[in-house]
Amino acid sequence: MTPRGTDWSLALLVALGLGTGLSTWFAGSPHSAWVFAAHAAGGAALALVLVWKLRRVWPRVASRSRWDGRTGYGLAALGLVAAVLGSGGAWSNGLDGGFGGMSLLGWHVLVGAFLGGLVLVHAFGRARPLRRADAADRRQFVAAALVGAAAVGAWALQRPVQRALGLPGADRRFTGSYDAGSFTGNAFPVTSWVADGPRPLPARAYRLAVGGEVGRPLSLSADALDRGDEIVATLDCTGGFASTQRWRGVRIGRLLDDARLAPAGAHVRVVSVTGYRWSFALADARDLLLATHVSGEPLTHGHGAPCRLVVPGHRGFQWVKWVTRVEVTADADLGAAASTVWSSLTAEGRGAR
Ligand code: HEM
């Protein structure tokens, strides 16, 4: 590979890592397992091209007298890439050296996003354009094909090798998450997407409002939500744990029928007391569950009591906790993603009110 070809390959593979990494947040069903495969194979390719690059620059790095102003930046970038690859690889093999209140996967995401941003800024600001010889040359093509084949091979062999060696990584889900307390009721980790920490909702005063594009708005007590609808679904947190439970409560479709859905209704927004919300197309929303119980136990406050949303096949941050409103709207709620960040700053989100 030419030096420019190598640098461009590194930048593109980091961009692929960032793109597929962020996509993992929206990949919760087995149909989207390819996102994780692309992430892993892209990471392996990045490691291979990095070896290539290091072989070329090593003489310059090893001899202090040849250092210039840019060597420090280069070494820092190398350290970052190594941290991202190392943390990703360690996590997928079952090593969790989490610290500072975050799992190793959490750190991987943070450093990976930082590295991705840095490389994109650098590529836009400083990149030297590719020449024909860097891309449309037979040797470049063969090198890229070899790296691609080796990366896909590494991904394909990973689980069989982990199984043969008895590594915990063999038991992780396709999302990279490890099982935590499945079917044990509330005994699975309590997490928050950012930092929502509301006060417990007093059971007697609690009401769920069902409104918006409906003919008969409802105001329901917590007891009225335990209608015996059940589903078995896996809560798969982007922080790296997954818990399969039998959830009980009421299907949203039932609530919409009771509230006499109006013809204009096309989306359903589920809102927490903190302001945190997520929106779903009507057809999808009907089958979602508002759960009051988890594997036979009433939900605890940490898990969203008196009721939380259950969204099978979607990552945990869409499973809104402490739900107080279900609103039918004509349009999708484009502000929902932003609400998942600012909700932790509201008085209710901070637990101040
Ligand atoms: C420059 C950016 C990134 C690179 C180079 C990178 C690379 C890697 C590598 C090499 C692995 C190990 C894969 C395996 O062995 O199966 C991994 C795992 C993982 N990464 Fe990243 N990553 C990056 C950023 C991100 C971001 C931003 C996210 C999420 C927002 C993310 C989410 C994950 C997840 C969920 C896993 C675990 C997958 C599994 O265990 O199968 N990564 N990453």
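Scroll up to find the structure this text is about.
Residues numbered from 1 in each chain as written. Predicted model: local features only at pLDDT ≥ 70, side-chain atom pairs only at ≥ 80, totals over all residues. Heavy atoms only, no water.

Novice: Sorry, what's going on with the state of the cysteines here?
Specialist: Disulfide: a covalent bond formed between the sulfur atoms of two cysteine residues. Taken as a whole and judged by the stated rule, the model has zero disulfides. Note on cysteine 237: no disulfide assigned, nearest cysteine sulfur contributed by cysteine 307 at a separation of 19 Å. Taking relative accessible area as the criterion, cysteine 237 reaches 13% and is therefore assigned buried. Given the relative accessible area of 0%, cysteine 307 is considered buried. (Disulfide = S-S within 2.5 Å. Buried < 20%, exposed > 50% of the residue type's maximum accessible area, 1.4 Å probe, protein only.)

Novice: Even after reading the chapter, I still don't get the environment of valine 119, so can you show me in this structure?
Specialist: Within the secondary structure, valine 119 sits in helix α4 (residues 104–126). For the pair valine 119 and leucine 12, spaced 107 residues apart in the sequence, the C-alpha separation amounts to 9.1 Å. Apart from the residues within four sequence positions on either side, valine 119 is in contact with Ala11 and Val14. (Helix = DSSP H or I, 4+ residues; strand = E, 2+ residues; numbered from the N terminus. Contact = heavy atoms within 4.5 Å.)

Novice: Looking at this structure, how should I read the site of the ligand?
Specialist: Surrounding the ligand, one finds 26 residues, the nearest of these being His39, Ser92, His108, Gln158 and Arg172. Measuring from an oxygen atom of the ligand, one finds a side-chain N or O atom of arginine 172 at 2.8 Å. Taken atom by atom, the bulk of the ligand overlaps the second largest pocket. Elements represented by at least two residues in the shell around the ligand include exactly α1 (3–23), α2 (33–62), α3 (71–92) and α4. Among the elements that make up the shell around the ligand, the one with the highest residue count is α3 (six residues). Residue composition of the shell around the ligand, grouped by class: twelve nonpolar, 13 polar and one charged. (Near = heavy atom within 4 Å. Polar contact = N/O pair within 3.5 Å; in protein donor to acceptor, adjacent residues only side chain to side chain. 1 Å grid on protein atoms, 1.4 Å probe; cavity = no way out; pocket = protein on both sides within 12 Å on 5 of 7 lines; lining within 4 Å. Sits in = over half its atoms within 2 Å of the grid points. Nonpolar A, V, L, I, M, F, W, Y, C, P; charged D, E, K, R; others polar.)

Novice: I'm lost on the sheet that holds strand β2 (residues 208–212) in this one. Help?
Specialist: Across a sheet, paired strands are connected by hydrogen bonds in the backbone, their directions being either parallel or antiparallel. Strands sit in the order β3-β2-β11-β6-β7 across an open sheet of five strands; the sheet is mixed. Both edges of this open sheet fall to β3 (218–220) and β7 (277–281), since each of them pairs with a single strand only. Strand-to-strand twist in this sheet, taken as the mean axis angle between neighbours without regard to direction, amounts to 15°. Two strands pair when backbone bridges link them, and strand β6 (residues 267–272) and β7 are joined in this way by five bridges, in the antiparallel orientation. (Pairing = 2+ DSSP bridges. Axes fitted to C-alpha atoms, helices over the stretch in contact; angles between N-to-C directions.)

Novice: Explain the layout of surface pockets here, please?
Specialist: Here the idea is plain: a probe the size of a water molecule rolls over the atoms and shows the empty space left. In this model, the largest pocket occupies a volume close to 1500 Å³. What lines the largest pocket is a set of 36 residues, among which Asp7, Lys53, Gly74, Ala77 and His122 lie closest to the centre. For the lining of the largest pocket, the secondary structure elements donating two or more residues are α1, α2, α3 and α4. A total of nine residues in the lining of the largest pocket trace back to one element, the largest contributor, which is α3. (Points joined across faces, edges and corners; volume = space filled by probe spheres on them.)

What is shown is where atoms sit, not what they do.
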